[in-house]
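# A look at the structure
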Amino acid sequence: MSAPPATVEAEGVRLRPFHVDDVADTASACSDPITQRFLPGLPSPYTEADARWWFAEGAPAVWATGGAAYTVADPATDRLLGSIGLSNPVPARGQAEIGYWVAPWARGRGVATAATRALAAAAFAHGTARLELLTHPENTASQRVALAAGFRHEGVRRGAAPARDGSRHDRVCWVRLADDPPGPVTRTLPDLPGGRLTDGVVTLRPVGADDVEGMYRLHRRPEVVANRVPPELPSLADIERRCRLAGSRWLAGLAADLAILDAATGELVGGCALYHDEPATGQAMIGYSMLPAGRGRGLATRAARLVVGWAFHEVGIARMWAGTRPENVASQRVLEKVGFSREGLLRGRLPGPDGTRYDSLIYGLLATDVPR
C-alpha cells in the first residue's frame, strides 16, 4: 500500500497539488454554510490564513503520514472545484478513508462523484484494498455520491465525529473494496418516479425535516401509539430524529418513509412506510396511520395501493406483508381492499406495556397478485 501519484487526471476532473492561486477559492468554499455544517472540524470563520496554513503545513502532513490531499480542479481552466483526500491509513489492513468537499460554484455537476471515482481507482492501483467513506447522517447528497461511486452501506459509526459544541455525532459508513465494481451501486429502495406517487386524490412523498409538526401530531394520537412497537408515546426529539434521518434510511435501503397528503389541498393527513425487512427473500412490510382529517375517505386504501404498486413494479419486491392487532378492524379492511389475504395469527408477537404481549394478525400479498 503506497501513496497515489501527486496528480491524477481521470473521470473528467484533475486532482493536483494545492497552488497559491487556490487560496481565495478555498477560503470562500470552506466558509460556505453547507461545508461548515458537514465538516465541523474546519475553523469557523475560515480565512485565507487558514487556507495558507493548510497548503503549507496541513496537506504536507497528510502526505507524510501515508495519506493524500488534492485540489479537485477543472481540467479546462484549472480552477478549484473542491478538495479530496485520503486519511487515517491503516497499512496492515490496506485501508484508508476518503473524504471531500465541493465548492458552491461546482455543486450539481457530479464533481464529487467523479473525484471519488478517480481517487479510488488510483488508491486501489497502489495497493489499497478497502476504502471507507463516512458521511453525516443528514448529508444525503454525500450519501448519493457514495452510492454513485460504488460504495456500499455498511452501517453506522455511533459517536464517531466530534461536533463544535463538544458533543459527538454518528457517521454513516460506506465501503468499497478493490474488487468491487466502480458503481453506481444498485439501490434496494430507488427514488420515487418524479419524487412522488399520486392517483390524483392522494399523494405520497418522502418524509423530510419539514414534516416534524405533522408527524408529531400523528404519532402522538392514542390509537396510533397503541399500534407502535413498542406501544410507547414518542417524544418530539424522537420524531425530529425520524424526519431528519428519513432520507438516509431510504438511501441505505432500510425504509421508505412517506407522508400521505390530500392531493387537492397538500394537507398532511397521514404517514406510510415500506420496510425492506428481508432483502434476501424479496420481502417487505407496509405500515400506515392516518390523522382524523384523513379517515373515512378511502385515503389509506389509496395510499397503500400506490405503495404496493411501486414496491412490486419499480422496487422489485416479490412479497409484501402487514400485521395488525386483532381489534384493528379498520386497518384490516384497508389491507383486504388492497388485495392482501389473511394468513394467520401470531400469538403474543407484539410487546405491550408492563411486560404484556399482544397477538398479531398477519396479511400477505404477492407481486403476482397485482397486475401492472
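Residues numbered from 1 in each chain as written. Predicted model: local features only at pLDDT ≥ 70, side-chain atom pairs only at ≥ 80, totals over all residues. Heavy atoms only, no water.

In this section: unusual backbone geometry. Of note, the amide linkage connecting Ser44 to Pro45 takes the cis form, showing an omega dihedral of 0°. With respect to the secondary-structure elements, Pro45 resides in the loop between helix 2 (33–38) and helix 3 (48–64). With an omega dihedral of -10°, the bond running from Val229 to Pro230 counts as a cis peptide bond. Even without being glycine, Glu11 reaches a positive phi, approximately 60°. Turning to its location among the elements, Glu11 is positioned in the loop between strand 1 (8–10) and strand 2 (13–16). The residue Asp354 is not glycine, and still its phi comes out positive at about 55°. One can find Asp354 in the loop between strand 15 (341–351) and strand 16 (357–366). (Helix = DSSP H or I, 4+ residues; strand = E, 2+ residues; numbered from the N terminus.)

So, about the packing of aromatic side chains. Within the structure shown, the criterion is met by 5 aromatic pairs. Seen from their ring centres, Trp53 and Trp54 are 6.5 Å apart, and the 40° between their planes marks the pair as tilted. When the centroid spacing of 5.8 Å and the interplanar angle of 50° are considered together, the rings of Trp250 and Trp310 count as tilted. Here the residue Trp250 occupies a position in helix 8 (residues 236–251), and Trp310 occupies one in helix 9 (residues 299–315), the gap between them amounting to 60 residues. No difference in accessibility class separates Trp250 from Trp310, as the two residues are buried. Ring pairs connect the aromatic residues Phe18, Trp53, Trp54 and Phe55, which therefore count as one cluster. Of note, Arg79 hangs over the ring of Trp105, and the distance from its end group to the ring centre comes to 4.3 Å. Between Arg325 and the ring centre of Tyr358, over which it is positioned, the NZ or CZ distance is 3.7 Å. (Phe/Tyr/Trp six-rings, centres within 6.5 Å; stacked < 30°, edge-to-face > 60°. Buried < 20%, exposed > 50% of the residue type's maximum accessible area, 1.4 Å probe, protein only. Lys NZ or Arg CZ within 6 Å of the ring centre and 35° of its normal.)

All right, on to the sheet that holds strand 8 (residues 168–177) then. The strands making up a sheet associate through hydrogen bonds between their backbones, and the pairing can be parallel or antiparallel. The 8 strands lie next to each other as 1-2-3-4-5-6-8-7, forming an open sheet whose pairing is mixed. Across the chains shown, the open sheet's two edge strands, defined by having one partner strand only, are strand 1 and strand 7 (152–162). Averaged over all neighbouring strand pairs, the angle between strand axes comes to 25°, with direction disregarded. One ladder, built from 7 bridges, connects strand 4 (residues 80–90) with strand 5 (residues 95–102); its direction is antiparallel. The residue bridging Ile84 from the neighbouring strand is Tyr100, located in strand 5. (Pairing = 2+ DSSP bridges. Axes fitted to C-alpha atoms, helices over the stretch in contact; angles between N-to-C directions.)

As a further point, take the environment of Thr116. Take Thr116: it is sitting in helix 4 (residues 111–125). Separated by 30 residues in sequence, Thr116 and Ala146 place their C-alpha atoms 8.1 Å apart. Residues in contact with Thr116, not counting those within four places in the same chain, are Ile84, Ile98, Tyr100, Leu133, Val145, Ala149 and Phe151. Polar contacts involving the side chain of Thr116 include one to the main-chain carbonyl oxygen of Ala112, which spans 2.7 Å. (Contact = heavy atoms within 4.5 Å. Polar contact = N/O pair within 3.5 Å; in protein donor to acceptor, adjacent residues only side chain to side chain.)

In this section: the pairing of strand 12 (residues 268–278). A large share of strand 12 lies buried, amounting to 8 of its 11 residues. Alignment of strand 11 (residues 255–262) against strand 12, held across 7 bridges, turns out to be antiparallel. The residue bridging Ala259 from the neighbouring strand is Gly271, located in strand 12. Turn length for the strand 11-strand 12 hairpin, with the two strands adjacent in sequence and antiparallel, is 5 residues, and the turn residue Gly266 shows positive phi of about 80°. Counted between consecutive antiparallel strands, the loop separating strand 12 from strand 13 (residues 283–290) contains 4 residues, among which Gly282 sits at a positive phi close to 70°.

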